[in-house]
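Structural overview for review
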Amino acid sequence: MAEVLGTSQTMYSRYERGANEMPIRILEALCDYYGVSTDYMLGRTEVKGRTP
């Protein structure tokens, strides 16, 4: 996953553990990868899809 996001495995691990705050660009890349909205990824909605 780190390679897909363009970051190191060490940094990705830190994001997963909460040791480092995830930059917006990484959050956006994760949402693109999984095909979900940022609101869904952040737990702000149960609707997975993005609005056009």
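Each value, and the rule that gives it
- Along every chain, residues carry numbers that run from 1 in the direction the sequence is written.
- Under the rules for a predicted model, residues below a pLDDT of 70 receive no local features and side-chain atom pairs below 80 are neither given nor counted, while totals for whole chains, interfaces and linings still include all residues.
- Only heavy atoms go into the side-chain values, all of them from the structure, while hydrogens and water stay out.
- Here a salt bridge means any side-chain nitrogen of Lys or Arg lying within 4 Å of a carboxyl oxygen belonging to Asp or Glu.
- Take the buried Ala, Val, Leu, Ile, Met, Phe, Trp, Tyr and Cys residues and link them wherever side-chain atoms come within 4.5 Å; each set so joined is a nonpolar core.
- For the exposure calls, accessible area comes from a 1.4 Å probe over protein chains only, and a residue counts as buried if that area is under 20% of its type's maximum, exposed if over 50%, partly exposed in between.
- Any two residues whose heavy atoms approach within 4.5 Å are treated as being in contact.
- Each Phe, Tyr or Trp ring, with Trp reduced to its six-membered ring, pairs with another whose centre is within 6.5 Å; inter-plane angles below 30 degrees give stacked pairs, above 60 give edge-to-face pairs, and intermediate values give tilted ones.
- Only residues whose relative accessible area exceeds 30% and that form no salt bridge are eligible for patches; like-charged ones are grouped when within 9 Å, while nonpolar side chains (Val, Leu, Ile, Met, Phe, Trp, Tyr) are grouped when within 5 Å.
- Each accessible area is a Shrake-Rupley result for a 1.4 Å probe, and residues are judged covered by the shown protein chains and nothing else.
- Strands are runs of DSSP state E lasting at least two residues, helices are runs of H or I lasting at least four, and both sets are numbered from the N terminus onward.

Here we come to the pattern of salt bridges. What the rule picks out here adds up to one salt bridge. The partner of Arg44 in a salt bridge is Asp39, and the shortest N-O contact between them spans 3.6 Å.

Counting residues in hydrophobic clusters, the biggest one holds six residues: Ala2, Leu5, Tyr12, Tyr15, Ile26 and Leu30. Non-local contacts of Tyr12, meaning those with residues more than four positions away in its chain, are made with Met1, Ala2, Leu5, Thr7 and Leu30.

A separate point is the packing of aromatic side chains. Evaluated as defined, the whole model comprises one aromatic pair. With centroids separated by 4.9 Å and ring planes inclined at 90°, the aromatic side chains of Tyr33 and Tyr34 adopt a geometry described as edge-to-face. With relative accessibility at 48%, the residue Tyr33 sits in the partly exposed group.

So, about a nonpolar patch on the surface. On the surface, Met1, Val4, Tyr33, Tyr34, Met41 and Leu42 cluster together into a nonpolar patch covering about 590 Å² of accessible area. Within the fold, Leu42 resides in the segment after helix H4 (38-41).

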